[in-house]
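This is what each chain is made of:
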Amino acid sequence: MAASPAYGEEKGGSSSLGEPEYGHDPASGGIFSSDYKRHDDLKEMLDSNKDSLKLEAMKRIVAMIARGKNASDLFPAVVKNVACKNIEVKKLVYVYLVRYAEEQQDLALLSISTFQRGLKDPNQLIRASALRVLSSIRVPIIVPIMMLAIKEAASDMSPYVRKTAAHAIPKLYSLDSDQKDQLIEVIEKLLADKTTLVAGSVVMAFEEVCPERIDLIHKNYRKLCNLLIDVEEWGQVVIINMLTRYARTQFLSPNQNESLLEENTEKAFYGSEEEDGKDAKAEAAMLAKCKPYVMDPDHRLLLRNTKPLLQSRNAAVVMAVAQLYFHLAPKAEVGVIAKALVRLLRSHSEVQYVVLQNVATMSIKRRGMFEPYLKSFYIRSTDPTQIKILKLEVLTNLANETNISTILREFQTYIRSMDKDFVAATIQAIGRCATNIGKVRDTCLNGLVQLLSNRDELVVAESVVVIKKLLQMQPAQHSEIIKHMAKLTDNIQVPMARASILWLIGEYCEHVPKIAPDVLRKMAKSFTNEEDIVKLQVINLAAKLYLTNSKQSKLLTQYVLNLAKYDQNYDIRDRARFIRQLIVPTEKSGALNKYAKKLFLAQKPAPILESSFKDRDHFQLGSLSHLLNAKAVGYQELPDWPDEAPDPSVRNVEVPEWTKCTSREKRKEKVEKPFYSDSEGESGPTESADSTPWEGRGVLPAKTLPQPPELASPHSPSEEEEEEEREKKAKKKAPQGRKGRAETSSEEASTSESSSSGSDSGSEAEAKQRKVMRAGMGGCTGIPVPPIELPISTPCSPPAARPAPRRFPCLIWMTVSGCLKYANCCGGALSSPCCLLVQLLSPAFSAVKTYELLHRMAGEGLAVEYCFSRRPFPGDPHMVAVQIQISNNTDTEVKNLRVNEPKPLSGMRIQEFPEIEHLAPGDTASVVMGIDFCDSTQAANFQLCTHTRQFYVSIQPPVGELMAPVFMSENEFKKEQGKLMGMSEITEKLMLSEKCQSDHTIVQQLTSAANVGRVPCGASNEYRFAAKTVTSGSLVLITLERREGSTAQLTINSEKMVIGTMLVKDIIQALAQ
Amino acid sequence: MIHSLFLINCSGDIFLEKHWKSVVSQSVCDYFFEAQEKAIDVENVPPVISTPHHYLISIYRDKIFFVSVIQTEVPPLFVIEFLHRVADTFQDYFGECSETAIKDNVVIVYELLEEMLDNGFPLATESNILKELIKPPTILRSVVNSITGSSNVGDTLPTGQLSNIPWRRAGVKYTNNEAYFDVIEEIDAIIDKSGSTVFAEIQGVIDSCIKLSGMPDLSLSFMNPRLLDDVSFHPCIRFKRWESERVLSFIPPDGNFRLISYRVSSQNLVAIPVYVKHMISFKENTSSGRFDVTIGPKQNMGKTVEGVVMTVHMPKAVLNMNLTATQGSYTFDPVTKVLTWDVGKITPQKLPNLKGMVNLQSGAPKPEENPSLNIQFKIQQLAISGLKVNRLDMYGEKYKPFKGVKYITKAGKFQVRT
């Protein structure tokens, strides 16, 4: 298209001054010619070679779009520029495309290939932006393409791209809801993502696509809670709202035993964060004795992790936390949100409006919460009326016996306000206070009566209405007021007020026997000019008087009824006819007549003045539906607490025993450890017994890590310490992100924190691996091991140098299990690190198999053997370390032993061992060389030279040695396995040999066949292992499932299919032997 | 979430529209205009309006209505907060958030809106990130752009978005490394007729202007942190450090930002720096009234009270005012009935006074209530709560920054009832 050839010239051309000038010419010409061909000038500019012209044109087009003008006829001209190299032009083209693609679907398809190309770009931001635009184009034809793109992006390396994928999910869903099932799969995958960047977006997608699939949250619940504080603010709002709903379905109501709780709430729940573990435990026990309810630790986790967010600068986040506490927290704890909500009242008036609505609802249920902040709700004359009225509502809700006098004094100032709507609302509020608080009823009533002489009619009318309601409560004592009000009928014109007065006189005509007929007389006179509601009340009054005082009012009543008979309004005519039949006895009228008095003058219940915010809390607070007091589209009902708690174990993730901290005590201890834990370095043998070293470690910038330490190598303790020192230094230097915040409560926090900080998954895993290993070591050295086994348990030299490596695993096993037993006796808390140690150490020890490189005969007395030491090759992590053992069986000295002329196949690299200058007869030398096999089992060929001879040798690696173990959690394993389905999965059935019946031997056999790390697994009949190929770092996941008898099924997931197939063969051989 | 956004000026013109999902017709704004008409006052337009097919959530900022169209349930505060963030961003970019500024920079506005929301869900709202994506217009840059043909769109991609510290961009460099903190406290008060305080509290903010190279890690401590009762933080602040040590520890964003806002605990009595003597009365039959106000200093800790301005919303019945001011100047707007008296500095020797006659509409009943007086003032070099910054330490970088702290006390919502 025009764009690409133009680009080359652009740089030279546009820098000369004349060019931009030229840009304006066609534009100005276009204005005159626009009569018959609109936008011709723009088209011309878009077709030109100059980016500056294109940019100018695009800017004008965007300005048109912004003003809402139609620019759709430019579509073909614009869409051509989608591949333009100039980034600003491109962006504006995107803007245009997203706006008009829906209208011009066929033409829009032209642009798709550009985005598809963009999706493969090595730059993550280009991938993200391509996906973003592609998914924003609402063209149904490309749904499959979008689906594919989303799926791919969901497993992208870059969290930013994954975030974009999450954003794209609701877009696709709104375009084609049939894709729901597939999209849910993607959501499920993204929910498991551990980065804070993705969390908010994917929960948003979840809420839009499948809010009913609450089961997807179980596994991610704790992770979400722990990540929450580091998620960006908008994501926090969405996550908190979703978790509120989740918690309502999964936990029991914390207030179910309110009465029992009453006595010890203060102690039991207040600020339980601060109290140390022991107290909590003791109290939990105490509580357990007196009541059955104990809060689920997950419930507590949520409350604890959301609390700091009350300090957010974002009002939406504060509100979200507030509603979470309101709906989920035990009564005694809800109070903490009041302060934060009051703070929001200083914000913009729109924020105030929303917050006050919610405060009004909350203050009905939990009045005490806002009482200390009463004065913050005082009204200023500058507040907008809608804010004033809401504040008034809150003040009214907060009124009680103790503060009513101050509130009433405040109300008195309000009544004199110039804002009459507000005054009317104040009078209503006074009425409500009077009904709610009996003590002040008389005071209020007097005040209101005074208002009756107010000059403003609206005020008087409102007072009348309120007084009427108040009088209904104790009519007998207030005949004076009724008299006073009767006088008002001459002046007051507001229909509602007149109607109220008439009703009042009619209802209590017995208390004002003299005035009532007179009022009726006056009203009869003006009947025809009254409003309808007044007329109805006049009829009503007439009827009541007729029944009580027929002597004086009989004629008047007849007169009124006759007037009403010919009224224009049929309601009034109806009423008149009905009442006449009812009260005036005739022959025809039946039994009802006798009861007329009872009908009209029955005792009527006093109206209850209620807040309009009552019962609004059945809507989730802070929601649009709550604000409107009506269900909004897409509102998710807040479920009621369940009666029985659903199974809490569904939230258990990655059951790795060593992270599962059952004892509360231990958990607390960790929380209190300072984050920049210095204990690692000097951790004495006793201290390292608990898992602090890897627990305290949070963000560990992956870049500063040296290459991954070898899993199984038994470091000497001093080495270990040295390394830690070094690492500590590196850590101090490295920029520390939000470390302080990472000190969240439980152990998952630190794990997930560290993972989120890793630059990519690879080094992340390494970091973790390292940590875990250290835990293992710490556990091992820390325990006072029985003396006999001690020397064995701390081996100092590399395994290959040992004479009988085969014997090792068993010894280590024994040692460790010894430790284990010991630890179990001591308290049980330590068992887990030891298990880990076994799992990670045993493979390497058991695996050392030697191969022959050069036979003694062929080598003329020189024998060379090699083995794969399974240590990472120092200096190059992509190389497999090969331990070579050369023994000189001749009787002369061998000199200058070296590797010569390596002839590696393409891509293969060999790092030679340093030349051995002398090898005395009968001596043996051991050297290490590194070979990068490029993940293939091709042999590495080279010459082995001595000072006299050359031998052609080759090393062929068993496939199992081309990988290095990876530590991952069960969840990660599953996640990764999910990505490697289809072609990448190989499944094979096998028969386990007789000796391979115990767990231990199976693991041992398998790890000796391949250099893999064990992955924890919940099921007892399943074994999982993971590794990464040394060169390319592709994952190799192995699952072995034991079936009945001695059959088993082996599944290998790996991108490298060749490796997978070969590995299957090797493993089957190892297990079936 | 947010479907579309319309910007409407005070005369009811829709001068900008942006859609993040399918296009919503402008006619949806008719519901808004209806509500606006009903509300009489711009302040009283309900922020949330329900229409048959959509919900409209709007804010009013700087004489512009930001009206967003929503289709499904969403926390209203979420939208309101976001719209304010949009307005803040405009302010940040163009110096003001006015109709002309937006119209002049419509392309940048459009690009900003495009970056800030994706499919209606906020994407990049941090000013540091946005400024890397889209450079704010400056005179210099617009000249350079027109000559070289380069653009306002950053060609490097923002680093912050991907880092652990999303509010700060990488590779910041300054020749002069400076960190300034403004401690600004506002006194909210309601003073009743007799001069006694009905309600008073101190609200404060610390605004920072940080121009430091690299990745500085700052910690700011106070002499008396216990004064702060309720604090809200910029996301950069490490919450746990504050909880445990009462130290603000953070890696700051680059440039201007609000570090914290706080409320001083209500137990402390609030010193009220000014007093007002007032005598306002309206006579029933002569359709005139008297107006006499004196402002004087009180509990000002030896500092001068300056920038004093009094605004009064006079009752509707007031036609005109004939006043004499011993100091400063006054204006009365007969349309809005707002009296503004710009006093300036208060010198205790000669207290400023405003005195004179009020002309009322003849025949109208005399106003029921006296208007309340809104006072503004400023006191330099004083934090009325007594809050003091103890020290600022920087870690992570080698250079020595220049540090400065400034204290100001202002009147917030300071109202005297008469």
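The rules behind the values
Residues numbered from 1 in each chain as written. Chains lettered and ligands numbered in written order. Predicted model: local features only at pLDDT ≥ 70, side-chain atom pairs only at ≥ 80, totals over all residues. Heavy atoms only, no water. Salt bridge = Lys/Arg side-chain N within 4 Å of Asp/Glu carboxyl O. Helix = DSSP H or I, 4+ residues; strand = E, 2+ residues; numbered from the N terminus. Buried < 20%, exposed > 50% of the residue type's maximum accessible area, 1.4 Å probe, protein only. Phe/Tyr/Trp six-rings, centres within 6.5 Å; stacked < 30°, edge-to-face > 60°. Core = buried A, V, L, I, M, F, W, Y, C linked by side-chain atoms within 4.5 Å. Domains from an automatic or database assignment. Contact = heavy atoms within 4.5 Å. Buried area = accessible area lost by both parts, 1.4 Å probe. Polar contact = N/O pair within 3.5 Å; in protein donor to acceptor, adjacent residues only side chain to side chain. pLDDT = per-residue confidence, 0-100. Patch = residues over 30% accessible without salt bridge, like charges linked within 9 Å, V, L, I, M, F, W, Y side chains within 5 Å. Areas by Shrake-Rupley, 256 points an atom, 1.4 Å probe, with all protein chains shown as cover. Pairing = 2+ DSSP bridges.

For the rest of this paragraph, the subject is the pattern of salt bridges. Per the stated rule, a full pass over the model turns up 53 salt bridges over all chains. Here A:Lys80 and A:Asp47 are joined by a salt bridge, their closest N and O atoms 3.0 Å apart. Here A:Lys80, found in the loop between α5 (75-79) and α6 (87-100), pairs with A:Asp47, found in helix α3 (residues 40-47); they are 33 residues apart in sequence, far enough to count as distant. For A:Lys80, a relative accessible area of 30% puts it in the partly exposed group. On the basis of relative accessibility, which here comes to 34%, the residue A:Asp47 falls in the partly exposed class. The salt bridge involving A:Asp518 is made with A:Arg521; its shortest N-O contact spans 2.9 Å. Highlighted residues: A:Asp518 and A:Arg521, both in helix α30 (residues 515-526), separated by three residues, approximately one helical turn. Since its relative accessible area comes to 39%, A:Arg521 is described here as partly exposed. Three or more residues joined by partner-sharing salt bridges are found here, namely A:Lys91, A:Arg132, A:Lys171, B:Lys18, B:Glu114, B:Glu115 and B:Asp118.

A word on the packing of aromatic side chains. Counted by the stated rule, this structure contains 26 aromatic pairs over all chains. With centroids separated by 5.8 Å and ring planes inclined at 45°, the aromatic side chains of A:Phe75 and A:Tyr96 adopt a geometry described as tilted. Pair noted here: A:Phe75 is in helix α5 and A:Tyr96 is in helix α6, with a separation of 21 residues, a long-range link. The exposure classification of A:Phe75 matches that of A:Tyr96, with both residues buried. Site record: aromatic cluster; members linked through ring pairs are A:Trp234, B:Phe78, B:Phe82 and B:Phe121.

Turning our attention to the nonpolar core. One finds A:Phe377, B:Phe66 and B:Phe90 to be the most contacted residues of the largest nonpolar core, which totals 270 residues. Per element, the largest residue contribution to this core is 12 residues, and it comes from helix α19 (residues 315-328) of chain A. Formed jointly, this core draws a minimum of three residues from each of two domains, domain 1 (1-146) and domain 2 (176-268 + 381-414) of chain B. Sequence-distant contacts of A:Phe377, that is, excluding residues within four places in its chain, are made with A:Val342, A:Leu345, A:Leu356, A:Val359, A:Phe370, A:Lys391, A:Val394, A:Leu395 and A:Leu398.

Another point: the interface of chain B and chain A. The partner chain A presents 99 residues to the 104 residues of chain B that form the contact. Summing the contributions of chain B and of chain A, the shared interface buries around 9100 Å²; its carbon and sulfur component is 56%. For the chain B face of the interface with chain A, the top three residues by lost area are B:Glu73, B:Leu77 and B:Phe121, together amounting to 8%. At the surface where chain B touches chain A, the tally comes to 12 salt bridges. Taking the shortest distance from any N to any O, the salt bridge between B:Asp188 and A:Arg346 comes out at 2.6 Å. On the surface where chain B and chain A come into contact, there are 35 residue pairs in polar contact (both at pLDDT 80 or more). No other element matches the eight residues that helix α2 (residues 76-94) of chain B contributes to the side of chain B that touches chain A.

All names here are of chain B. The predicted model of chain B has a mean per-residue pLDDT of 86, with 93% of residues at 70 or higher. Looking across chain B, the model is least confident in helix α6 (residues 139-148), with a mean pLDDT of 60, and most confident in strand β5 (residues 64-70), with 93. As a predicted assembly, this complex carries a pTM of 0.67 together with an ipTM value of 0.91.

Quick look at a nonpolar patch on the surface now. Residue and element names in this part refer to chain A. A cluster of nonpolar side chains, Leu592, Tyr595 and Leu599, forms an exposed patch at the surface whose accessible area comes to about 330 Å². Among the structural elements, Leu599 can be located in helix α34 (residues 596-600). Since its relative accessible area comes to 49%, Leu599 is described here as partly exposed.

For chain A, the average pLDDT comes to 74, and 74% of its residues sit at 70 or higher. Note on residues 1-36 of chain A: pLDDT under 50 across the span, and 28 contacts to partners over four residues away in sequence or across chains.

For the rest of this paragraph, the subject is the pairing of strand β1 (residues 2-9) of chain B. Residue and element names in this part refer to chain B. Burial analysis of β1 places eight of its eight residues in the buried class, which makes it a mostly covered element. For β1 and β5, the ladder comprises seven bridges, and the chain directions are antiparallel. By the bridge assignment, Asn9 is partnered in β5 with Ile64. By the bridge criterion, five bridges tie β1 to strand β2 (residues 14-19) in an arrangement that is antiparallel. Within β2, the position partnered with Ser4 by the bridge is His19. Here β1 folds back onto β2 in antiparallel fashion, the turn holding four residues, of which Gly12 has a positive phi close to 85°.

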